[in-house]
Amino acid sequence: MRRLVIVSNRLPATIQMTGQRARFEPSVGGLATGLDAAHRKGNSIWIGWPGAMDAVREGQRPGLERWLSERRLIPVNLTASEVERHYEGYANRVLWPLFHYFPERLPLEGGDWDAYESVNRRFADVVARELQDGDVVWIQDYQLLRLPALLRKRVPDVPIGFFLHIPFPSSELFALLPQREQLLEGMLGADLIGFHTAAYQRHFSSAALRFLGAQTQVDRISHGGREVQVGAFPMGIDVASFAGRAEAPEVQALAAHHRAPDTQNIVGIDRADYTKGIVRRLMAFRDLLERHPELRGQVRMIQVGVPSREQVSEYRTHRRRIEELVGRINGEFGTSTWTPVQWIARALPRDEVVSLYAAADVMAVTPLRDGMNLVAKEFVASRVDNEGVLVLSEFSGAAAELAEAVQVNPFDIERTSAALYGALTMPFEERQSRMSAMRTRIEDNTLNDWVDRFLGSLERRMADRRREQAAGPVPLPDAVVTRMAEAESLVLLLDYDGTLVPLARAPSLAQPSAGLLEMLRTLVETRGTEVHVATGRSPELIERWLGHLPVSLYAEHGAWSRPAGSLTWVGRPLAESTWREPALRMLHDYAKNTPGALVEEKRLGVAWHYRWADPEIGALRSRELRSQLTDLLSNTGAEILHGDRVIEVRPAGISKALVVESVLLNARPGALMVALGDDRTDEEMFGALPPGAVSVHLGSGPSRARYRLSTVAAARELLADLTRRRAVRGEPRTPRETPPESDDEVAFRSAAVRAPATPTTVHLVGPLPRRPDSAAVA
């Protein structure tokens, strides 16, 4: 059985100081409570912050460290400044409010990002140090969003799961974060990412698509050469434990103490956090008393507000607001014998919490936004009598499971008030029916079930990955790179978009950097090296970007070619394209009706790009367009290609396999041919390579290629390495003379060089002339 390595910001036990004496107390929160049960099973360690160890006297530390070691708890010690800037700073002043839909609470400047990154790196170092062969890592929550990627760099093959316990916001709101790309990249370092609800999962996938250009499916995201699984795993609770305590005589006695004759209880139990909706709940209760004066003296609200982040000024202000509102309600409606609101501003022992659940006629769980809210499930588990009514915010994760609760919009004070009245007056049979159905549901998804489902999904994902790796390309070995570097004659066939440069949102934005241009120039000048760049771009565009380099260029997937050192673009003879104009009209119509989409007109083909469109709308319109193009272009000699957020129409029979044929005609004897590409059009190139050639696919997914690299950066690093290693083999080569141009080629060059971006009729000539010293690749 694999060892489980749980990683969370805080350990399940935190140091508490009583005078000069330090001791560990259980940490507060659903995360610590929930995972502690999994940790106690045995084969696991737990890594996290233990509390302020720097406040502990030296003489006490060995005993505290021994206490942690006995419980398999591994501390990540942080300074007071790191805790303030990472946890209280970026995590809770930036991520917490934004993920809970409170963008107005974001700080005006700063935000402590550097501390957040630094602490995540510290965690990565500790986890990497503690790992053993066969371990599975499970990282928890928003304080450690960067950790999966940072750990992946240190230990590439370790299975990593990540679970977000708070909501993931819509991509429009997530867009406000200056570090949005870094956070997404961090999470995508995991193999499996879990959320409480399908809505949070969709929001994350949309953000990854929108800001990283990742390829997304229902439960898969492909990015950076890896495929990551995403899923909804609603967290459960220890149902039997709560039900057992609810039946205990001492708890029943406490519950009886909370009940008063002829008085109904509305109970709320929350951290005193602005996301929990306590203020609006109190306002709804006030509205209830105002609209239904007959309830005065007959109902009371017991509101527990567990102090939370009291060191943060916003939380102290929020608590004062709650207490002022409680005072106003009690002053306005209270009598000498009846207090409408009982405010309890402290943490309660578990038995007292369960006794309040048992004494509640109505349980009000009305957060303004919440990842799950386990209080709702704890209330249901504690009602072994099938009594009580749950009033639940539709903006809590629990609402997706507990359909029989009375669900409310907590921002609507009047309707929340009406829901409380309906709950107080609900008939007995309906109360019993609703509660029974909810109890059955939570019994089918307990805490153990949640842990088993997540870890089981992670294990299945790793098994799938092993099968994919066995069937598909393998990582490019060092020995093959050495073979390239030492080859007497090296022929490189390089795709452009997604291989030499990252995929861009618009064709004009994919221009090469100065560093890339210099690297290609240096590489092609090393002895015995040829570089051929094959792209779907038009001749005009690729000429503008790379035409000054001594490399061979191929445009529109091989329909056009220009040998190194020549100014002549040569086109292959093709039949007249009767399909072009109707296809172009259809693409323009779809571009007009899809904001962010655009049409690229090439000399032969046309393309509809939707990388800038709304991801969901773009995907929907692309499916419609493909269907209509298929009907329009049937039996016309045109071919439809669906790439990464682009649909292209080109003449049938044109492919990058033609590039391989041209290169083979002119290759030196014994040359080693190496092809790099990332998409469907490059598969045609891989399939045409001769035996002994090296094919390298960029990214994840199946491919004909034998080897794999993860990213554009990895491909650039490979080319830079080849440049360095081949440069030491001898002096730069002397370029061979280019064969003289024919009259037809001169005519074509004149037209091509002056050609505008829109399609122009030019004279087409035949295949490239064969070099007299060329031979097929050995």
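Before reading on, note that the structure itself is shown above.
Residues numbered from 1 in each chain as written. Predicted model: local features only at pLDDT ≥ 70, side-chain atom pairs only at ≥ 80, totals over all residues. Heavy atoms only, no water.

A.B. asks: Describe the pairing of strand S4 (residues 44-49), listing the residues and the values that go with them.
C.D. replies: The element S4 is largely enclosed, with a buried count of 6 among its 6 residues. Summarising the sheet, strand S1 (residues 4-10) and S4 pair through 5 bridges and their orientation is parallel. Paired with Val5 across the strands is Ile45, a residue of S4. Inspection of the sheet shows S4 paired to strand S5 (residues 73-75) by 3 bridges, in the parallel sense. Bridge pairing in S5 places Ile47 opposite Ile74. (Buried < 20%, exposed > 50% of the residue type's maximum accessible area, 1.4 Å probe, protein only. Helix = DSSP H or I, 4+ residues; strand = E, 2+ residues; numbered from the N terminus. Pairing = 2+ DSSP bridges.)

A.B. asks: A description of the environment of Arg431 should follow, citing residues and the corresponding values.
C.D. replies: As for its placement among the helices and strands, Arg431 is situated in helix H16 (residues 428-443). Taking the C-alpha atoms as reference points, Arg431 and Glu404, 27 residues apart in sequence, are found 9.6 Å from one another. Once residues within four sequence positions are removed from consideration, Arg431 is found in contact with Asn386, Glu387, Gly388, Val389 and Met426. A distance of 2.9 Å separates the side chain of Arg431 from the side chain of Glu387, its partner in a polar contact. (Contact = heavy atoms within 4.5 Å. Polar contact = N/O pair within 3.5 Å; in protein donor to acceptor, adjacent residues only side chain to side chain.)

A.B. asks: Break down the packing of helix H10 (residues 249-258) against helix H13 (residues 350-359) for me, citing the residues and quoting the values.
C.D. replies: In the contact formed by H10 and H13, the axes pass within 8 Å of each other and the chain directions differ by 55°. Overall, the two elements H10 and H13 adopt an arrangement that is oblique. Pair H10 / H13 crosses with right-handed handedness. Residue-level contacts link Glu250, Val251, Leu254, Ala255 and His258 of H10 to Asp351, Glu352, Val354, Ser355, Leu356, Ala358 and Ala359 of H13. Of the residues belonging to the contact of H10 with H13, the class tally is 7 nonpolar, 2 polar and 3 charged. (Axes fitted to C-alpha atoms, helices over the stretch in contact; angles between N-to-C directions. Parallel < 35°, antiparallel > 145°, perpendicular 65-115°, else oblique. Left-handed = near helix turned anticlockwise from the far one by under 90°. Nonpolar A, V, L, I, M, F, W, Y, C, P; charged D, E, K, R; others polar.)

A.B. asks: With reference to specific residues and values, describe the packing of aromatic side chains.
C.D. replies: This structure, assessed with the given rule, holds 24 aromatic pairs. Judged by centre distance (5.3 Å) and plane angle (65°), the rings of Tyr90 and Trp113 are edge-to-face. Placement of Tyr90 in helix H3 (residues 80-99) and of Trp113 in helix H4 (residues 113-130) is noted, with a sequence separation of 23 residues between them. For Tyr90, a relative accessible area of 1% translates into the label buried. On the basis of relative accessibility, which here comes to 18%, the residue Trp113 falls in the buried class. (Phe/Tyr/Trp six-rings, centres within 6.5 Å; stacked < 30°, edge-to-face > 60°.)

A.B. asks: So, empty space enclosed by the protein: which residues are in play, and what are the values?
C.D. replies: Gaps left between atoms are located by rolling a probe of water-molecule size over the structure's atoms. Counted under the stated rule, the structure contains 2 cavities of 30 Å³ or more. Taken as a whole, the second largest cavity holds about 40 Å³ of empty space. Taken together, Gly388, Val389, Leu390, Glu404, Ala405, Val406, Met426, Arg431, Arg434, Met435 and Met438 make up the lining of the second largest cavity. Elements that contribute at least two residues to the lining of the second largest cavity include exactly strand S16 (389-393) and H16. Looking at the lining of the second largest cavity residue by residue, the classes come out as 7 nonpolar, 1 polar and 3 charged. (1 Å grid on protein atoms, 1.4 Å probe; cavity = no way out; pocket = protein on both sides within 12 Å on 5 of 7 lines; lining within 4 Å. Points joined across faces, edges and corners; volume = space filled by probe spheres on them.)

A.B. asks: Outline the sheet that holds strand S22 (residues 560-562), listing residues and values.
C.D. replies: Taken in spatial order, the 9 strands make up an open sheet running S18-S30-S29-S28-S19-S20-S21-S22-S23, and their pairing is mixed. For this open sheet the edge positions go to strand S18 (474-475) and strand S23 (570-571), each flanked by a neighbour on one side alone. Both strand S20 (residues 529-534) and strand S21 (residues 552-555) contribute to a ladder of 3 bridges, which runs parallel. Counted as the bridge partner of Ala534 is Tyr554 from S21. Where helix H25 (residues 712-727) meets the sheet, it contacts strand S19 (490-495), S20, strand S28 (672-677), strand S29 (694-698) and strand S30 (707-709), and its direction lies at approximately 160° from that of S19.

A.B. asks: Can you tell me about the sheet that holds strand S25 (residues 606-609), naming the residues and giving the values?
C.D. replies: If you trace the 4 strands from one edge of the open sheet to the other, you get S24-S25-S27-S26, paired in antiparallel fashion. Edge positions in the open sheet fall to strand S24 (598-601) and strand S26 (638-643), since each of these has one partner strand only. Ignoring which end each strand starts from, the neighbouring axes of this sheet average 15° apart. Set on the sheet, helix H24 (residues 680-688) makes contact with S26 and strand S27 (646-651); between it and S26 the angle comes to about 110°.

A.B. asks: Lay out the nonpolar core with the relevant residues and their values.
C.D. replies: Formed by 65 residues in total, the largest nonpolar core has its most connected members in Val7, Phe99, Val137, Phe168, Ile193 and Phe204. It is H3 that provides the largest number of residues to this core, a total of 9 residues. Every residue in contact with Phe204, bar those within four places of it in the chain, is listed here: Phe168, Leu184, Met187, Leu188, Ile193, Phe195, Ile221 and Val230. Ile6, Met372, Leu390 and Leu458 belong to the second-largest nonpolar core, a separate cluster that totals 64 residues. (Core = buried A, V, L, I, M, F, W, Y, C linked by side-chain atoms within 4.5 Å.)

A.B. asks: So what's going on with helix H5 (residues 147-154)? Residues and values would help.
C.D. replies: Of all 8 residues in H5, 6 are buried, a share of seventy percent or more. If you check which residues of H5 are buried, you get Leu147, Pro148, Ala149, Leu150, Leu151 and Arg152. On the buried face of H5, the contacting elements are S1, H4, strand S6 (136-140), strand S7 (160-163), helix H7 (180-187) and strand S11 (226-232).

A.B. asks: Hey, could you go over helix H9 (residues 239-246) for me, with residue numbers and the actual values?
C.D. replies: Regarding H9, the residues found buried are Val239, Ser241, Phe242, Ala243 and Ala246. Summarising the contacts, the buried residues of H9 are in contact with H10, H13, helix H14 (374-382) and H16.

A.B. asks: Explain the environment of Leu574 to me, using residue names and the numbers behind them.
C.D. replies: Looking at where Leu574 falls in the secondary structure, it is placed in the loop between S23 and helix H21 (580-592). Leu574 gets classed as partly exposed once you look at its relative accessible area, which sits at 29%. A sequence separation of 517 residues divides Leu574 from Arg57, and the C-alpha atoms of the two residues are 84 Å apart.

A.B. asks: Explain unusual backbone geometry residue by residue, including any values.
C.D. replies: In most cases, non-glycine residues show a negative phi, while peptide bonds are predominantly trans. In this structure, Arg72 is a non-glycine residue whose phi angle is positive, near 60°. Relative to the elements of secondary structure, Arg72 occurs in the loop between helix H2 (61-70) and S5. Judged by relative accessible area, which is 28%, Arg72 ranks as partly exposed. If you check the backbone angles, Asp141 has positive phi at about 75° while not being a glycine.

A.B. asks: Break down the pairing of S28 for me, with residues and values.
C.D. replies: Most of S28 sits out of view: 6 of its 6 residues are buried. Residues of S28 alternate between two faces, with Leu672, Val674 and Leu676 on one and Met673, Ala675 and Gly677 on the opposite face, all of them buried. Bridge count between S28 and S29: 4 bridges; the pairing is parallel. Its bridge partner being in S29, Ala675 is matched across the sheet by Ser695. Crossover handedness for the path S28 to H24 to S29: right-handed. (Right-handed = clockwise from strand over helix to strand, strands pointing away.)

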